[in-house]
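A structural walkthrough
Given next are the chains, with one letter for each unit.
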Amino acid sequence: MQRLQTWLDQDARRSLLLALLALAGLCALAFAQQLGGLGLMDKTEGLFVEIPRQMVASGDWITPRWNGEIFFDYPVWGYWMVALSFRLFGVNEWAARLPVGLAASATVFAVFGVLLLVARTAEPHHQRLGRATLGATVLALSPGWLGWGRSSVTDMFLASAITLALLGFVVAHTAEAQRLWQRRLGFMALAVFCGIAVLAKGPVGLLLPGLVMLVFWALKGTFFQELRSTPWIPLVLLFLGVAAPWYGMATAANGSEFLGRFLGFSNLERFTSVIYDHPGPPWFYLPWVLLLLLPWSLFLPVACARLRFWRLQVWRRAAPGDDLPLLALVWLVVMVAFFSAAATKLPGYILPALPGGALLVALLFAPLSPSTALGAGMRITGWINGVLLVLMAVAAVLAPRWIEQDPSYPAFADALRASGLPVLLFLPLLAGGVAFMVVLLRPSNRLQWLWIPNAAALASVLALVLPVLIPLVDRERQLPIRTLARLAGKQGLPDEPLLVVGYKRYSVVYYSGRPVLFVSSPRKASRAVAQGERLPESVLLLGSDAELLEFGIGPGDGTPLGRRDAHRLLRLPLQRLETLGRS
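Not measured: the values here are computed from a predicted model.

1. A word on the overall build of the chain
Along the chain, the regular secondary structure elements total 26 helices and seven strands. At 26 Å, the chain has a C-alpha radius of gyration in line with the 25 Å of a compact globule built from 583 residues. Principal-axis analysis of the C-alpha atoms gives the chain an extent of 80 × 55 × 45 Å. Relative to its 583 residues, the chain shows a buried fraction of 52%. At a minimum sequence separation of 6, the contacts of the chain that also span at least 24 residues come to 76%. When the accessible surface of the chain is totalled, it reaches about 26,000 Å², and 65% of it is carbon and sulfur.

So, in C-alpha cells, the structure goes:
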C-alpha cells in the first residue's frame with residue numbers, strides 16, 4: 001500500500017487517472033451491467049421506447065407517434081437519442097437503454113469535474129480529488145439515479161440536462177476574473193443544456209434552473225448585480241438555437257394540434273390538474289426524496305444544520321465556490337417545492353432534485369472550507385444508518401416469505417427463494433452495517449469516513465445482486481408477455497385487432513409490431529373494435545388467466561394460440577365478443 005501511495009504522489013495525474021478509472025468502473029457497474037438483460041418494463045418504458053422505433057421505421061423524426069396515433073405528451077430529445085442508438089446498434093433493449101445510461105454516467109462525471117474545479121488551488125491534491133470522487137459516488141449510488149439511469153424513460157434525460165445546466169452555472173459563477181474562458185464555458189453549458197432540457201420535457205427544463213439561479217442570487221444579495229452582468233443576449237440566442245428548431249418544425253407540421261396538446265395538456269394541465277390518475281398530497285415528495293437518496297438522505301438533516309443557511313450575512317461574504325453548499329440546498333428545496341405544488345405527481349418527477357442532495361451530503365463529509373469537527377448529530381445519524389443496513393439485511397432474508405402469491409406470476413416467489421438472492425443481498429448489507437458500528441465504536445474521531453461503508457455496501461449489492469436479479473425478473477415476469485406479444489405479431493391476420501385485457505402492457509405494441517387496443521371489459525372492447533374502418537371476423541386477446549376470466553372468457557371460448565405460465569393468447573370470433581359485450 002505504501003509503495004502505491006509513493007507512486008501516486010510522484011505525479012498528481014496518476015491519482016487523477018486512478019479516480020477516473022474507478023468512476024468509470026462504478027458507472028459500468030451501475031448503468032451498463034445487464035442493461036439489456038431485462039425486457040421493457042410496463043407501462044412507461046414500453047411506451048417510450050416504441051416511439052423512437054417508429055421514428056426509425058417511418059423516417060419521420062419530427063412528429064412522435066405511438067400505437068397508430070400522434071403522441072405529443074413529451075418533446076423529442078429522448079426519442080431522438082434512443083432512435084439514434086437504434087440506428088447504430090439495432091432495435092433491442094440494450095440499445096434502448098444505452099442513452100439513459102450514458103446520460104446518468106455523464107452527469108456523475110460532471111459532478112466529479114465541477115467539484116474538482118471549484119476547490120481551492122492551495123488545497124492538497126488528494127483532498128480535492130477525494131471530495132470530487134465522493135460527490136460523484138454519492139450520486140451514482142443513489143437508488144433514484146441508479147434506477148432511472150437504467151430505464152429508458154424521459155425522466156433521466158430531463159434530470160441530467162437540468163443538472164448539467166446548473167453545473168454549468170456553477171462553473172461560470174466560480175470563475176476568477178483572469179479565467180474568462182471558464183465563465184464563458186459555464187454559461188455556454190448552461191444555455192445548451194437548458195435547451196436540451198426543454199427538448200426533453202418542455203418549458204420546465206428552463207424554468208427550474210432559472211428559479212434556482214434567481215433564488216440563489218437573492219439569498220446572496222447579488223440579484224440585480226448578476227442580472228446586469230450576465231450575458232443574456234448570447235445565452236438566449238444559444239438556447240433558442242438548441243431548442244427552437246424542433247418546436248418550429250413540429251408546429252409547421254402539425255399546427256394547432258401540437259400547440260394545444262403539448263403546451264396545453266402536457267404542461268399547463270399536468271401542473272394545474274391531475275391527469276392519468278396520478279394525484280398526491282403536498283408532502284408527496286418528502287418520503288420519495290428520502291427513499292431515492294437512501295441511505296445518503298439520512299445525513300441531509302445534519303448537512304442542513306451544519307450549513308446554517310439562515311446566517312445570510314456569512315454566505316454573502318463567502319467567496320464563489322465556498323457558497324456551493326448554499327446553492328446545493330437551494331437546488332434541492334426549489335425542485336421539491338416546485339413539483340410539490342403541481343397537481344399531477346409521480347416519483348420520477350423529483351429526479352432533478354437528487355444531485356442537489358448528493359452535493360449537500362458530499363460537502364458535509366468533505367467541506368470546501370475549514371469547518372468544525374463532526375459531532376453528536378453525525379454520530380447519531382451514523383448509528384441510524386448502520387442499524388438500517390442491518391435491518392435491511394434481515395428483511396432481505398425474510399422477503400420471500402412476505403411476497404404475496406401473484407396469480408399472474410405464480411412461480412416468482414419460489415424462483416426468488418431458489419436463486420439465492422436473499423443471501424446475496426444479506427451479506428453486503430450486514431457487512432456495511434457492522435462496518436458502521438466498528439467506525440463509530442473506535443475511540444478516534446473518524447466520522448468523516450462514515451460514507452465508506454455505505455459506498456462499499458451499495459457497490460457490492462450491484463456487483464452481486466444485479467447479475468442474478470435481472471435474468472430472474474426477466475424470465476419470471478417479462479418473458480411471458482414478450483413471447484406472446486411476438487407470437488401475436490406473427491399469428492395475427494391482416495386487419496385483425498389485438499386486444500390486451502386488464503393491465504395496460506404498453507410493451508406489447510413494441511414486441512408485436514402492431515397497434516393494440518387496451519380494454520378492461522367486453523363492452524368497451526366491442527365499441528373499440530367497431531370504430532375501426534372495417535369489422536374483422538375475429539380478434540386476438542392477450543392477458544393473464546385471471547384477467548381473461550374476469551373479462552368473461554370461459555374454458556371453451558376462442559382458439560388458443562399460445563400460453564406462457566399464467567398468460568394466454570387466443571383468437572376470439574367477433575360474434576362471441578359482441579355477445580359478451582351485451583351480457
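2. A short note on the sheet that holds strand S5 (residues 538–544)
Pairing within the open sheet is mixed, and its five strands lie in the order S4-S3-S5-S7-S6. Since the sheet does not close on itself, it has two edges, and those belong to strand S4 (516–519) and strand S6 (559–564), each with one partner. The mean angle between the axes of side-by-side strands here comes to 25 degrees, regardless of whether they run parallel or antiparallel. Across seven bridges, the pairing between S5 and strand S7 (residues 567–573) is antiparallel. Counted as the bridge partner of Gly543 is Arg568 from S7.

3. Considerations on the packing of aromatic side chains
Under the counting rule described, the total for this entry stands at 19 aromatic pairs. A ring pair is formed by Trp66 and Phe71, whose centres lie 6.4 Å apart and whose planes are at 65 degrees; its orientation type is edge-to-face. Of the two residues, Trp66 and Phe71, neither departs from the other in class, the shared state being buried. Each ring, one from Phe284 and one from Tyr285, has its centre 5.0 Å from the other, and the planes form 90 degrees; the classification is edge-to-face. For the pair formed by Phe284 and Tyr285, the shared burial category is buried. An aromatic cluster of at least three residues, connected via ring pairs, comprises Trp66, Phe71, Tyr74, Tyr506 and Phe518. Its guanidinium or amino end placed over the ring of Tyr511, Arg482 lies 5.9 Å from that ring's centre, counting from NZ or CZ.

4. Some details on the pattern of salt bridges
Considering all chains together, one arrives at 15 salt bridges under this definition. Note that Asp155 and Lys201 form a salt bridge whose closest N and O atoms lie 3.8 Å from each other. With Asp155 in helix H8 (residues 154–173) and Lys201 in helix H9 (residues 180–201), this pair connects stretches of sequence that are 46 residues apart. For Asp155, a relative accessible area of 13% corresponds to the buried category. Across the pair Arg475 and Glu476 runs a salt bridge whose closest N-O atoms are separated by 3.3 Å. For Glu476, a relative accessible area of 14% gives the class buried. One connected set of salt bridges, linked through shared partners, spans Asp545, Arg563 and Arg568.

5. Re H9
The terminal C-alpha atoms of H9, which comprises 22 residues, lie 32 Å apart, in line with the 32 Å expected from a rise of 1.5 Å per residue. The positive-phi residue at the C-terminal boundary of H9 is Gly202, with phi of around 115 degrees.

6. A closer look at helix H10 (residues 204–220)
The terminal C-alpha atoms of H10 lie 24 Å apart, and with 17 residues this matches the ideal 24 Å at 1.5 Å per residue to within 8%. Of the positions making up H10, those classed as buried are Val204, Gly205, Leu208, Pro209, Val212, Met213, Phe216, Trp217 and Lys220. Those residues of H10 hidden inside the fold are in contact with H8, H9, helix H11 (223–229), helix H12 (232–254), helix H16 (312–317) and helix H17 (324–341). Gly221 lies just past H10 and shows a positive phi near 75 degrees.

7. Points about the packing of helix H5 (residues 93–118) against helix H6 (residues 125–140)
Where H5 meets H6, the axes come as close as 8 Å, and the angle between the chain directions of the two elements is 155 degrees. For the element pair H5 / H6, the angle class is roughly antiparallel. Both H5 and H6 take part in a crossing whose hand is right-handed. Mapping the contact onto sequence places Thr107, Val108, Val111, Phe112, Leu115 and Leu116 in H5 and Arg128, Leu129, Arg131, Ala132, Thr133, Gly135, Ala136, Leu139 and Ala140 in H6. For the contact of H5 with H6, the per-class residue count stands at ten nonpolar, three polar and two charged.

8. Remarks on the packing of H8 against H10
Contact geometry for H8 and H10: axes closest at 10 Å, N-to-C directions at 35 degrees. Of the two elements, H8 crosses H10, and the hand of that crossing is right-handed. The residues of H10 that touch H8, namely those facing Leu158, Ile162, Leu166, Phe169 and His173, are Val204, Gly205, Leu208, Pro209, Val212, Met213, Phe216 and Trp217. For the contact of H8 with H10, the per-class residue count stands at eleven nonpolar, two polar and no charged.

What counts and how
Residues numbered from 1 in each chain as written. Predicted model: local features only at pLDDT ≥ 70, side-chain atom pairs only at ≥ 80, totals over all residues. Heavy atoms only, no water. Helix = DSSP H or I, 4+ residues; strand = E, 2+ residues; numbered from the N terminus. Rg over C-alpha atoms; globule rule 2.2 N^0.38 Å. Buried < 20%, exposed > 50% of the residue type's maximum accessible area, 1.4 Å probe, protein only. Contact = heavy atoms within 4.5 Å. Areas by Shrake-Rupley, 256 points an atom, 1.4 Å probe, with all protein chains shown as cover. Pairing = 2+ DSSP bridges. Axes fitted to C-alpha atoms, helices over the stretch in contact; angles between N-to-C directions. Phe/Tyr/Trp six-rings, centres within 6.5 Å; stacked < 30°, edge-to-face > 60°. Lys NZ or Arg CZ within 6 Å of the ring centre and 35° of its normal. Salt bridge = Lys/Arg side-chain N within 4 Å of Asp/Glu carboxyl O. Expected span 1.5 Å × (residues − 1). Parallel < 35°, antiparallel > 145°, perpendicular 65-115°, else oblique. Left-handed = near helix turned anticlockwise from the far one by under 90°. Nonpolar A, V, L, I, M, F, W, Y, C, P; charged D, E, K, R; others polar.

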